[in-house]
Amino acid sequence: MKNVFKFAEACLQGIAIDEKLALTHQAWYLLENNQLSFTSELQVLPINQVKFPDKPILLPPRDMPKRKLGSSDGIAAFFHAIAHVEFMAIYLAWDLLYRFRGLPEQFYQDWLKVADEEAQHFELIRLHLRTFNLNYGDLTAHNGLWDHAKDTADDLLARLAMVPRCMEARGLDVTPAIIAKFKNLGDDASVTLLERILTDEITHVERGSFWFKWVCKEKGLEPEAKYRELIKQYYQGGRPKGPFNREMRIIAGFSNAELDWLENKNL
Ligand SMILES: [Fe+2]
Ligand SMILES: [Fe+2]
């Protein structure tokens, strides 16, 4: 039987994009057919050994060119940026699964499902990019998301707070307005694509909330206080900026008290 952590290691160490996608789908197929083992024997390689393709060239977020949806070039650059977010999301799901051991099998199954969906999102966006004669890697991209993974490589609660419950949750806040813009432009293909991704992303954030609360319970911690503490500690600036999509975030496992705290700098 093949082992999930061997797949994870291959996906985090391999730089060939299509191989990474194929391995991710294969692992999910094996899980669905009860042919994947979850025994943890391999040693966990440090996060600085994770490898990325040569392209796109990664820049700090502040050095990225500004992009607007007002022109075809701007839309193409927007989708290149989204392709990169989805590509990094494949790494983030695999790394969460790989780095934190000794959890229930369901934890690994959940993040493998997320990795598989992120691979699907990436493939859909990559296809869409080709309608603009653009390939993933043709433009620069930013490395901000992976910085959060490196910061939280030794702390599962911090990783869950910062990645699914902060960065991915941000997608729930901003995507509906972007979808509305594409609707106004009459761009049905982009609308369909972004709606599909948004539906899946709610479930990713929800799994983040679920496991955050589960680990807090195991450790006897109060989850809302712990969330506030970790965001203050790891989020540059102390707290993400709103506006927040309360409705979707509630579905994704945020409490009203957490949302009040995010919204109100005085709390
Ligand atoms: Fe995604
Ligand atoms: Fe996601």
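Up top you'll find the structure we're talking about.
Residues numbered from 1 in each chain as written. Chains lettered and ligands numbered in written order. Predicted model: local features only at pLDDT ≥ 70, side-chain atom pairs only at ≥ 80, totals over all residues. Heavy atoms only, no water.

Focus on the layout of surface pockets
Its volume calculated, the largest pocket comes out at about 1,900 Å³. Looking at the largest pocket, it is lined by 50 residues, and the ones nearest its centre are Val85, His142, Met167, Arg170 and Val174. Those elements that place two or more of their residues in the lining of the largest pocket are helix H3 (72-99), helix H4 (105-130), strand E4 (141-142), helix H5 (144-151), helix H6 (156-184) and helix H7 (188-219). If one sorts the elements of the lining of the largest pocket by residue count, H6 sits on top with 12 residues. Looking at side-chain class alone, the lining of the largest pocket contains 29 nonpolar, 8 polar and 13 charged residues. (1 Å grid on protein atoms, 1.4 Å probe; cavity = no way out; pocket = protein on both sides within 12 Å on 5 of 7 lines; lining within 4 Å. Points joined across faces, edges and corners; volume = space filled by probe spheres on them. Helix = DSSP H or I, 4+ residues; strand = E, 2+ residues; numbered from the N terminus. Nonpolar A, V, L, I, M, F, W, Y, C, P; charged D, E, K, R; others polar.)

What to know about the packing of H7 against helix H8 (residues 223-234)
It is the contact of H7 with H8, at a shortest axis distance of 10 Å, that shows an interaxial angle of 110°. Compared by their axis directions, H7 and H8 come out roughly perpendicular. Of the residues in H8, those touching H7 at Phe212, Lys213 and Cys216 are Pro223, Lys226, Tyr227 and Leu230. Tallied by class, the residues present in the contact of H7 with H8 amount to 5 nonpolar, no polar and 2 charged. (Axes fitted to C-alpha atoms, helices over the stretch in contact; angles between N-to-C directions. Parallel < 35°, antiparallel > 145°, perpendicular 65-115°, else oblique. Contact = heavy atoms within 4.5 Å.)

Side note on the environment of Leu97
Summarising the element assignment, Leu97 is placed in helix H3. Given the relative accessible area of 0%, Leu97 is considered buried. Leaving out residues up to four positions away in the same chain, Leu97 has contacts with Val4, Phe5, Ala8, Phe107, Tyr108, Trp111 and Leu112. (Buried < 20%, exposed > 50% of the residue type's maximum accessible area, 1.4 Å probe, protein only.)

A few points about the coordination of the iron ion (ligand 1)
In this structure, Glu86 (OE), Glu118 (OE), His121 (ND1) and Glu201 (OE) serve as the protein donors to the iron ion (ligand 1), at separations of 2.0 to 2.3 Å. Geometry at the iron ion (ligand 1) is irregular, judged from the 4 donor atoms that bind it and their angles of 91 to 154° at the metal. We note that the donor set of the iron ion (ligand 1) lies within a single chain, spaced as E-x31-E-x2-H-x79-E. Separation of the iron ion (ligand 1) from the iron ion (ligand 2) amounts to 3.7 Å, with Glu118 serving as a shared donor to the pair. On the criterion of sequence distance, the pair formed by Glu86 in helix H3 and Glu118 in helix H4 is long-range, its members being 32 residues apart. Judged by relative accessible area, Glu118 falls into the buried class, the value being 1%. (Donors = N, O, S within 2.8 Å, 3.2 Å for Na, K, Ca; no water. Tetrahedral: all angles 85-135°; square planar, octahedral: opposite > 155°, others 65-115°.)

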